[in-house]
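Descriptive analysis of the structure
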Number of protein chains: 2
Amino acid sequence: MVRQPSINAQHRPPLSTERIIEAALQIVDGQGLGRLTMRRLGDSLEVEAMAIYHHLPRGKEQLLDGLVAHVASAPAEDTPSRPWQDVLRGWAGDYRGRLMAHAGVLPLVVTRRNPAALTTTVASLREVMRRGGIAEGAAAAAAHTLLGYVIGHTALEVRGTNEDGADRVVDWEARFTAGLDLVIGGVR
Amino acid sequence: MVRQPSINAQHRPPLSTERIIEAALQIVDGQGLGRLTMRRLGDSLEVEAMAIYHHLPRGKEQLLDGLVAHVASAPAEDTPSRPWQDVLRGWAGDYRGRLMAHAGVLPLVVTRRNPAALTTTVASLREVMRRGGIAEGAAAAAAHTLLGYVIGHTALEVRGTNEDGADRVVDWEARFTAGLDLVIGGVR
DNA sequence: ACCTGAACACCGTTCAAGT
DNA sequence: ACCTGAACACCGTTCAAGT
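Each value, and the rule that gives it
Residues numbered from 1 in each chain as written. Chains lettered and ligands numbered in written order. Predicted model: local features only at pLDDT ≥ 70, side-chain atom pairs only at ≥ 80, totals over all residues. Heavy atoms only, no water. Helix = DSSP H or I, 4+ residues; strand = E, 2+ residues; numbered from the N terminus. Buried < 20%, exposed > 50% of the residue type's maximum accessible area, 1.4 Å probe, protein only. Areas by Shrake-Rupley, 256 points an atom, 1.4 Å probe, with all protein chains shown as cover. pLDDT = per-residue confidence, 0-100. Contact = heavy atoms within 4.5 Å. Near = heavy atom within 4 Å. Polar contact = N/O pair within 3.5 Å; in protein donor to acceptor, adjacent residues only side chain to side chain. Expected span 1.5 Å × (residues − 1). UniProt positions renumbered as here; feature names shortened; annotations may be inferred. Axes fitted to C-alpha atoms, helices over the stretch in contact; angles between N-to-C directions. Parallel < 35°, antiparallel > 145°, perpendicular 65-115°, else oblique. Left-handed = near helix turned anticlockwise from the far one by under 90°. Nonpolar A, V, L, I, M, F, W, Y, C, P; charged D, E, K, R; others polar. Arc of directions from axis to C-beta.

We now examine the overall build of chain A. Check the secondary structure of chain A and you find nine helices and zero strands. Each helix and strand of chain A, placed in order from N terminus to C terminus, yields the pattern α-α-α-α-α-α-α-α-α. Residues counted as buried form 48% of the 188 residues belonging to chain A. Accessible surface, chain A as shown: approximately 9200 Å² in total, 53% of it carbon and sulfur.

Structure (structure tokens):
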């Protein structure tokens, strides 16, 4: 029998930053942030953990920054034919869904010093409001208010403060849109 | 010379859950969450790390839960003589200050499954609104909106999205109260 | 250029033992 | 009851070495 030349040396896609981030996100989504280790990440990529450092020289720090950029950087796409309020409502719903789908990275989104990720998002919100005739200063403030609300409320939802003082079950969807209307309705 | 009976055996206060949490908070505030380890915490208490497990049997998990409870559980104190809007504004300012002072625990507040900590806080907000004549359902929803906003906006502030697209410096204080008025003003 | 293997300095936690 | 000391199974990261 002919000897196999180092099993799986050829038949796998080469390592890349993108593949690394995707594999990491899959681990976080499936097993939680606490189980994301360089060694486990290496395993899932069929590579020694140390190979990752060749693509992410700053190591785990850079990996976590990449995760935040991947989930939190989702600017609103403006559609001039729609009322700007509807555009923002649509964006907020999508962003909430995005954060919930990757709830494991929420603590990173909240505190990681990774300016670029949120800056483009907040800028896009400001632009939509500008287009709607909101003054520059008010638009800038309201963009932060809106993003802050969406992130904060989604965090509460993920934590699941599921009682209410009373024993009512919370309808998070309704609660989210109620607060959202309140925020968007106040912008002028 | 008389032999000292096991240095510092008597002249230190006995270990207690409270002292442990306080020491942990001091480490987090001073050096960041990443540097909070059981061994370092033991050092700062002049005790072996393993002694901590006698007071917190669930270990680090329980320690982190304790930190969240210590900073996030801060209900609004109602003052019936003041308008309920002012009471909420006052609470929000205090809560923001609290979160900023202990920014290192913010990621824990956001995601730790620790219902009690936030439940009492959110219940107190609902009660203040009830007293102000807001209907039960609306008050419950608005309480979540308000807490979500305060946590989310403060998280953005701590991260310091300090540019703005343009190069303007952000006045976070003004921005916070602007969004706050928007949220509180919309409650009815 | 890209990956490996061994090594280092740490972790959280267990468990038997001391007082 | 309260704390210690040694041990175990992990971490992230470095560094020299392989191809």
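Read on, since the account is not over.
Now for the confidence of the model for chain A. Across chain A, the average pLDDT comes to 90, with 89% of residues at or above 70. When the criterion is pLDDT under 50, residues 1-10 of chain A qualifies, and its contacts beyond four places in sequence or with other chains add up to two contacts.

Every one of the 17 residues lining DNA strand D counts as a neighbour, but R39, M50 and Y53 of chain A together with E48 and H55 of chain B are closest to it. The contact atoms of DNA strand D, taken as those within 4 Å of the protein, divide so that sugar and phosphate hold 50%. Within the backbone of M38 of chain A, an N or O atom sits 2.9 Å from a phosphate oxygen of DNA strand D. Taking H55 of chain B, its side chain carries an N or O atom lying 2.8 Å from a phosphate oxygen of DNA strand D. Contributing elements (two or more residues each) for the surface near DNA strand D: α2 (38-44) and α4 (59-72) of chain A together with α3 (52-55) of chain B.

Residues and elements named next belong to chain B. Under the 1.5 Å per step criterion, the end-to-end length of helix α8 (residues 136-159) is 35 Å for 24 residues, consistent within 8% with the ideal 34 Å. Counted residue by residue, α8 has 20 buried out of 24 residues, so it is predominantly covered. The positive-phi residue at the C-terminal boundary of α8 is G160, with phi of around 70°.

Turning our eyes to something else, we now look at the UniProt feature "domain: HTH tetR-type" (unreviewed entry) in chain A. UniProt's entry tags residues 20-65 of chain A with the feature "domain: HTH tetR-type" (unreviewed entry), counted in the numbering of this structure. Spanning residues 20-65 of chain A, this segment combines 65% helix with 0% strand, and its end C-alpha atoms are found 12 Å apart.

Attention now moves to the packing of α8 of chain B against helix α9 (residues 172-185) of chain B. Residue and element names in this part refer to chain B. Packing of α8 against α9 leaves a shortest axis separation of 11 Å and a crossing angle of 165°. The angle between the axes of α8 and α9 places the two elements in the roughly antiparallel class. Two packed elements cross with a definite hand, and for α8 against α9 that hand is right-handed. Contacts from T145, L146, Y149, V150, H153, T154, L156 and E157 in α8 reach W172, R175, F176, G179, L180, V183 and I184 in α9. Looking at the contact of α8 with α9 residue by residue, the classes come out as nine nonpolar, four polar and two charged.

We now examine helix α5 (residues 84-101) of chain B. Residue and element names in this part refer to chain B. Its 18 residues place the ends of α5 26 Å apart at the C-alpha level, agreeing with the 26 Å of an ideal helix rising 1.5 Å per residue. When we look at burial in α5, the residues that qualify are W84, V87, L88, W91, A92, Y95, R96 and L99. All buried residues of α5 project into a common sector of 165° when viewed along the axis, lining one side. Those residues of α5 that are buried lie in contact with α4 (59-72), α7 (115-131), α8 and α9.

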